[in-house]
Structures are given as structure tokens and as C-alpha cells.
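Residue-level structure breakdown
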Amino acid sequence: MRMQARQLIAFILTLAIAAVCGETKFLLNTRRVQENPQQIEAEVEALVRSSFYAADPTVLSIPRWLGDSSSPEISAVVSARLQQQDSNIISVDLSQATNETEIIDSVSSLVILLNRNFDVPLDRILLVGFAEGAHLAGGVAARVQQDLGSQLPQITALDPSPGEDLEHKLSPSDAEFVEVVHTNAGGEGTWEQLGHVDYYPNGGQNQPGCSTNSCSHERSFELLAEIWSPENDFVSARCGSVETLGASSCRWSTHKMGQNREEDELPASGIYFLETRQSSPFSRGAYYIGFL
Ligand SMILES: *[C@@H]1O[C@H](CO)[C@@H](O)[C@H](O)[C@H]1NC(C)=O
């Protein structure tokens, strides 16, 4: 009885501290708890009690500024990934978090905890970020590199925002491989090349079937299920610059957007153009290219 009261007080204190500090919270999805994500903290006991399984790969998903579990990018990442493989998908809840430094501190300490206390190798952790979350992912990866002396393998950045209000801007030096999908460049996203490879579907600015910036912006994560599918058919063309994005000015290749670099002889790099359809399945594939 006394223990319960003490736990209750501790719980209330935690809530009070969270309310004051604007804490970064985490939600864990696995196939075992698909419908009901578990709220977790960056501490050993919380993770041990959760359905986190250290032998499965981990995806750390960072939404837009102030995004939470109701933000569509969160469920898009969870469902795209769980369709393909058993994974721990840890989504960052930014609804209470307004300080960039604190967000980066808190997410990077979770990565470090997974690495040190759960023996999760860094190369089993993928960072995915949408809009401002892409830059936050870069900041987290840079911090992990600073603290552990080795790099995270990959950041997948989905229509990153211009990032002008943020201290850390995503760059290729943040991880071994940074890939970027631009779907609303010049609107809610940016034209700027931020990765080793930057894809500009349909020219990168407006997406088919979209009449608003937010529709084109959000298309970036709607493409994810097909990017991660073994049937990925986003055949892409390599371009010389963002000024010359187009079906006729770029060189068509066998490379597909977001194709796992292990399958390539060389990691993709540079600027790529591709065309998509306006609804799922979005990819047009090599058959279509044959008519261009
Ligand atoms: C953000 O948090 C850091 C570290 O806690 C603090 O030094 C900084 O002043 C905060 N920034 C703002 C804008 O509140």
C-alpha cells in the first residue's frame, strides 16, 4: 500500500516535471502491439517492460515540428515498415517539445541507451524524419557521432523544410548515407540538396493530384510504403542539376528511388528525377519509361 502511494507520487511528479519542461516522449510500435503503441521513456526499465525486441531492426521516426501520434507521417512510417518486416518503430512525440536542443539531447540519449544497454548496433538503427523532423534527425545523428565516435548508417529525409529556424540543418556529414525525397520544394519543402542523394519526384515541387502545398508535402511519406517494398519500381533518372530536372534532360538508369544501397554496386549519389502516378500504386516503372 505504501509502495503504491509512493509510486503514485512519483508518477504525479513525473507528470508535473514533464508539464514544466516540455518533455520529448516516445511511442513504440511493433507487430506485437500494432494497434496500441506503447509509451516509452529513454530508460532501461521502461524499455525492458515494453515490447521492444533488441534483435529486430529499429526505426526512429521524427515527425514535423510539434507532431504527435495523430500526425499522418507517424502512422505512414509505422504501416510502411511493419508491412515489410518485424521492427521496433520508435516515434518521437513532439507535441510538448519546443526546444530543439532538448529534443536532440533526448532522442540521441535514447539511441545511445539502445546501443550501450541493449547492444543494438548503430547499423541496425534507421532514422526517418519528415519536414523539420528531417533536420532534427540530422541533429540527433550528429550528436550520436559526437558521443559514440561512430556514425549512424542512414537518414531518410522526407520533404525536409527549409530549416532556417533550426540550429542544426541536415547535411551529408550527419550519417554514412543521407537520402532525401523532395516533394514540395519551394513550398513547405526546400530545393536545397541536403543528402548524398536527393530525389525530386515529378520535378520536386508539385505532386500529381495535389492542388495545395500540404498535399504535395505529405506525398513524401505516402511514397514510403512503395519505397520500402521489394516491388519498388520508382525508376529514376540522374540529372546534372536541379535546374535541369525533367524526363528528357536527365539520364534514365536502373536505379530506383530509395533502393537499398547494398543492392547497388556504388551508393547512389547526386540528383534524381522520376515520375509518379497520383495515387497508389504511385510508381510507373520501367514499362512507362519505355514510351518516353
Ligand atoms: C533550450 O534548452 C537549452 C538546454 O536545456 C537551454 O540552454 C536553452 O536556453 C533553451 N533554449 C530556449 C530557446 O529556450
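Please read all numbers here as calculations on a predicted model, not as lab measurements.

Most of strand S6 (residues 154-158) sits inside the fold, with five of its five residues counted as buried. Neither face of S6 is exposed, since Gln154, Thr156 and Leu158 on one face and Ile155 and Ala157 on the opposite face are all buried. By the bridge criterion, five bridges tie strand S5 (residues 125-130) to S6 in an arrangement that is parallel. If you follow Leu127 over to S6, its bridge partner there is Ile155.

Sheet strands line up and pair through hydrogen bonds in the backbone, either parallel or antiparallel. Spatial ordering of the open sheet is given by S2-S1-S4-S3-S5-S6-S7-S8-S11-S9-S10, a layout of eleven strands whose pairing is mixed. Each edge of the open sheet carries a strand with a single partner, namely strand S2 (38-40) and strand S10 (251-256). Here the average twist between neighbouring strands, direction ignored, is 25°. Here strand S8 (residues 197-201) runs beside strand S11 (residues 270-274); their pairing, made up of five bridges, is parallel. When the sheet's bridge partners are listed, Tyr200 is paired in S11 with Phe273. Contacting strand S1 (25-29), strand S3 (58-62), strand S4 (88-93) and S5, helix H3 (residues 72-84) runs over the sheet at an angle of about 175° to S4. Strands in contact with helix H6 (residues 213-222) are S5, S6 and strand S7 (177-181); relative to S5, the strand with the most contacts, it is inclined by about 165°.

Another point: the state of the cysteines. Evaluated as defined, the whole model comprises two disulfides. In this model Cys210 forms its disulfide with Cys215; the gap between the sulfur atoms is 2.0 Å. What sets the handedness of the Cys210 and Cys215 disulfide is the S-S torsion sign, and at about -65° it is left-handed. On the basis of relative accessibility, which here comes to 17%, the residue Cys210 falls in the buried class. The disulfide bridge from Cys239 ends at Cys250, spanning 2.1 Å between sulfur atoms. Across the S-S bond of Cys239 and Cys250 the torsion is about 105°, and the bridge reads as right-handed.

Parameters at a glance
Residues numbered from 1 in each chain as written. Predicted model: local features only at pLDDT ≥ 70, side-chain atom pairs only at ≥ 80, totals over all residues. Heavy atoms only, no water. Buried < 20%, exposed > 50% of the residue type's maximum accessible area, 1.4 Å probe, protein only. Helix = DSSP H or I, 4+ residues; strand = E, 2+ residues; numbered from the N terminus. Pairing = 2+ DSSP bridges. Axes fitted to C-alpha atoms, helices over the stretch in contact; angles between N-to-C directions. Contact = heavy atoms within 4.5 Å. Disulfide = S-S within 2.5 Å.

So yeah, pure geometry; function would need other evidence.
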